[in-house]
Amino acid sequence: MISLGCAKNLVDAELMLGSAKAEGFEITNNPAEADILVVNTCGFIDTAKQESIDAILEANRQRDELRPDARIVVSGCLSQRYSGDLVNELPEVDAFIGLDQVAEAGRIFRKVLEEKSPGVMNLVTPKSRYIPDFSTPRFRLTPAHSAYVKIAEGCNHPCSFCVIPQMRGRHRSRAIDSVVREIRSLVAEGVKEINLISQDTTYYGMDLWSEKAGPRQPVDSGRGTSLVHLLDEIADIGGDFWVRLLYTHPAHWSDELIAAIARNPHVAKYVDMPLQHIHGEMLQLMRRETSREHIENLIHRIRAGIPGIGLRTTFIVGFPGETEEHFESLLEFIETTRFERLGVFNYSQEEGSRAAKMENQVPTRVKNRRHRQAMALQQKIAREMAESQTGRTLRVLVETPNAARTEHDAPEVDCRVILTHPAEPGTFVDVKVLGAQTYDLVAEPVSA
């Protein structure tokens, strides 16, 4: 299995491998041993698409060299979005499967192996509706101490730069009991970090409320199933573990949610909230459903209501129509808000999105310059923030004997704590910060 893209795609890969094991397959990381080579693709932006195509061609090269009778199956967002075109363009592939087939992948793999007639099998269904459950078999690909839990699938937001709703369908939430049972099981296995993911975790449960409950607003858990209710249920699970909220949307936060995070000892004081831009005209063109005033007020409420919170966000530069004035407004916002973690992406002109048809597309060289400027500014802020931690004692989750993460650091995307002395992976330890290396901290474990 070669899995590309985001954590949500990684969970899909784990479900496919779980289905394969249930069907009697063995999992191997050696292509020379594999009857089936699966490329789980990403189709979000142009660079991701190209990476996916390259991975498919590389899988074919490995097959030719190592095991010519093996079969190649392509899954994931690129397959869901473009399978009709790819069938003709990639005859090397034996089968394309979509997002609705992840839980039945094992049966499909068996069918692919038994297929005798030549030609590519296109098994992708046109609209994605599937969502996993607690009982869905899963073969985890993350370290033993960390796991992703998908609490919902799909998205209802109309962002003009994005085509995810076209690929993954409308938002649909898992039942609270299903999510809680999965978390209990993972904690019982020794998992120390649960990362809650979906396209918009703050929309969780809103689609499950009865229409009789009134307008679907993000209010307290007494109104029905919600993220607040889920976090309160997680608070009752015993054990020593973190729960991390990823992919929240600024439109669906509430004071009740802020309070739920603050009072729950299991929830990491970390918020991932992609904002994409701050200038009002850009937010309108992006169809982000929020204003600058709303965002600034929300950040103030989050920081006031959750002591010690670390805010992570991402921005897009070079969106169609972005002027120097718009970009300078973004830089000023980054400078004054001082996010603990921040990423910047160049706008990608996605086929099928509203923004792709907009006038005033920004030249690549301008996008690249703005990206460099924004990241240089954030690097300065990050260095200052890291250096300010010197002398503090922090609780960290050990990743490898010589590296760990604080509660402000999500796996794969954020900073590390470099340990001067080795510690046991998968454990929480206290460390004293000795200094910083731009983004990363350097610390020594504190003896108990």
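Reading the values: rules and limits
Residues numbered from 1 in each chain as written. Predicted model: local features only at pLDDT ≥ 70, side-chain atom pairs only at ≥ 80, totals over all residues. Heavy atoms only, no water. Buried < 20%, exposed > 50% of the residue type's maximum accessible area, 1.4 Å probe, protein only. Helix = DSSP H or I, 4+ residues; strand = E, 2+ residues; numbered from the N terminus. Pairing = 2+ DSSP bridges. Patch = residues over 30% accessible without salt bridge, like charges linked within 9 Å, V, L, I, M, F, W, Y side chains within 5 Å. Areas by Shrake-Rupley, 256 points an atom, 1.4 Å probe, with all protein chains shown as cover. Salt bridge = Lys/Arg side-chain N within 4 Å of Asp/Glu carboxyl O. Lys, Arg positive; Asp, Glu negative; His and termini not counted. Charge placed at Lys NZ, Arg CZ, Asp CG, Glu CD. Contact = heavy atoms within 4.5 Å. Axes fitted to C-alpha atoms, helices over the stretch in contact; angles between N-to-C directions. Parallel < 35°, antiparallel > 145°, perpendicular 65-115°, else oblique. Left-handed = near helix turned anticlockwise from the far one by under 90°. Nonpolar A, V, L, I, M, F, W, Y, C, P; charged D, E, K, R; others polar.

Student: So what exactly am I meant to see when it comes to the pairing of strand E10 (residues 242-245) here?
Tutor: In regular strands, side chains alternate between the two faces of the sheet. Residue alternation in E10 divides its side chains into two sets, Trp242 and Arg244 and Val243 and Leu245, and both sets are buried. One ladder, built from 4 bridges, connects strand E9 (residues 193-197) with E10; its direction is parallel. Bridge pairing links Asn195 to Arg244 in E10. As paired elements, E10 and strand E11 (residues 267-272) share 2 bridges and run parallel to each other. Within the sheet, the bridge partner assigned to Val243 lies in E11 and is Val267.

Student: Even after reading the chapter, I still don't get a negative patch on the surface, so can you show me in this structure?
Tutor: A grouping of Asp133, Asp177, Glu233 and Asp236 is seen on the molecular surface, where their side chains present a negatively charged patch. Along the chain, the position of Asp133 falls in the loop between strand E5 (121-122) and strand E6 (146-150).

Student: For this particular structure, what's the right way to read the sheet that holds strand E2 (residues 36-41)?
Tutor: Paired through backbone hydrogen bonds, the strands of a sheet run either parallel or antiparallel to each other. A sheet is described by the order of its strands in space; here 5 strands give the open sequence E1-E2-E3-E4-E5, paired in parallel fashion. The sheet terminates laterally at strand E1 (2-3) and E5, the two strands that pair on one side only. Examined bridge by bridge, strand E3 (residues 71-76) and strand E4 (residues 95-96) share 2 bridges and lie parallel to one another. Across the sheet, Val74 pairs through a bridge with Phe96, a residue of E4. In the packing of helix H2 (residues 46-66) onto the sheet, contacts are made with E1, E2 and E3, and the angle to E2 comes to roughly 170°.

Student: Honestly, the packing of helix H10 (residues 292-305) against helix H11 (residues 324-337) in this entry has me stumped. Any pointers?
Tutor: The description of two packed helices rests on the angle between their axes and on the distance between the axes. At a minimum axis distance of 13 Å, the contact between H10 and H11 shows a crossing angle of 10°. One element, H10, and the other, H11, form an angle in the roughly parallel class. For the pair H10 and H11, the sense of crossing is right-handed. Contact residues: Arg292, Ile295, Glu296, Ile299 and Arg303 in H10; Ser329, Glu332, Phe333 and Thr337 in H11. Its residues assigned to classes, the contact of H10 with H11 shows 3 nonpolar, 2 polar and 4 charged.

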